[in-house]
Amino acid sequence: MGKVLVLNASYEPLNITSWRRAVVLLLKGKAEQLEHKGQIVYADFPLPTVIRLRYYVRVPYKEIPLTRRNILERDANTCQYCTAKGDQLTIDHVVPRSRGGGDTWENLVAACVRCNVKKGSRTPKEADMMLLTKPRRPYSSLHFELVKHTRGNSNQEWKKYAIGI
Ligand SMILES: [Zn+2]
């Protein structure tokens, strides 16, 4: 069964949890149910998809690690030059390493092998290969997770509560 979006008392997205944990929070009266799916967990207890805590939680900012997997995830496993999708993607340095380009969110993008080889040690402008989107650091790790969990048709009811996804 699915994941549940947990909102803070202020209605801001707080985290994503399992439906089991969400049910426990509801049963203990620590949260209220805002959205649910038709399925029933227990008698008269529909499966939650969005809940809201009855108390306010302070959350420290969590930095999202710069990893190959997270770069591919940010770019939706799509080559940022030709839109090819798949799991054969490589990581391209927009400004090549040999030209001083660093390992940063702004300089790393998903690229298919063909585009990566074609571009070689040139900048996108020199190679006349435009980027689909300007690479940037994800807003927050929660935003990153929200985008991931609402791709395709999943968890569409979450979108009401999250800005920018
Ligand atoms: Zn490509």
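The rules behind the values
- Residues numbered from 1 in each chain as written.
- Predicted model: local features only at pLDDT ≥ 70, side-chain atom pairs only at ≥ 80, totals over all residues.
- Heavy atoms only, no water.
- UniProt positions renumbered as here; feature names shortened; annotations may be inferred.
- Helix = DSSP H or I, 4+ residues; strand = E, 2+ residues; numbered from the N terminus.
- Salt bridge = Lys/Arg side-chain N within 4 Å of Asp/Glu carboxyl O.
- Buried < 20%, exposed > 50% of the residue type's maximum accessible area, 1.4 Å probe, protein only.
- Donors = N, O, S within 2.8 Å, 3.2 Å for Na, K, Ca; no water.
- Tetrahedral: all angles 85-135°; square planar, octahedral: opposite > 155°, others 65-115°.
- Contact = heavy atoms within 4.5 Å.

Digging into the UniProt feature "domain: HNH nuclease" (unreviewed entry) in the protein chain
- The feature "domain: HNH nuclease" (unreviewed entry), as annotated in UniProt, sits at residues 66–117 in this numbering.
- Note that residues 66–117 is 23% helix and 15% strand, and that its end C-alpha atoms are spaced 23 Å apart.

Considering the pattern of salt bridges
- In this structure the tally under the stated criterion is eight salt bridges.
- Put simply, R151 and E73 hold a salt bridge, and the shortest N to O gap is 2.8 Å. Of this pair, R151 sits in the segment after helix 5 (141–149) while E73 sits in helix 2 (residues 68–74), placing them 78 residues apart in sequence.
- Taking the relative accessible area as the measure of exposure, R151 reaches 32% and is therefore partly exposed.
- Put simply, R74 and D75 hold a salt bridge, and the shortest N to O gap is 2.9 Å. Neither R74 nor D75 differs from the other in exposure class; each is buried.

Details of the coordination of the zinc ion
- The zinc ion binds to the protein through C79 (SG), C82 (SG), C112 (SG) and C115 (SG); the donor distances cover 2.3 Å.
- Each of the four donor atoms around the zinc ion contributes to a set of angles spanning 103 to 116 degrees, which defines the coordination as tetrahedral.
- Written as a sequence motif, the donor arrangement for the zinc ion is C-x2-C-x29-C-x2-C. Taken as a pair, C82 in the loop between helix 2 and strand 5 (90–93) and C112 in the loop between strand 6 (108–111) and helix 3 (113–119) lie far apart in primary sequence, 30 residues in all.
- Judged by its relative accessible area of 32%, C82 is partly exposed.

Section: the environment of L72
- Within the secondary structure layout, L72 lies in helix 2.
- Spatially, the C-alpha atom of L72 lies 7.9 Å from that of I91, the residues being 19 residues apart in sequence.
- If near-sequence neighbours (up to four positions away) are discounted, L72 is found in contact with N77, L89, T90, I91 and A110.

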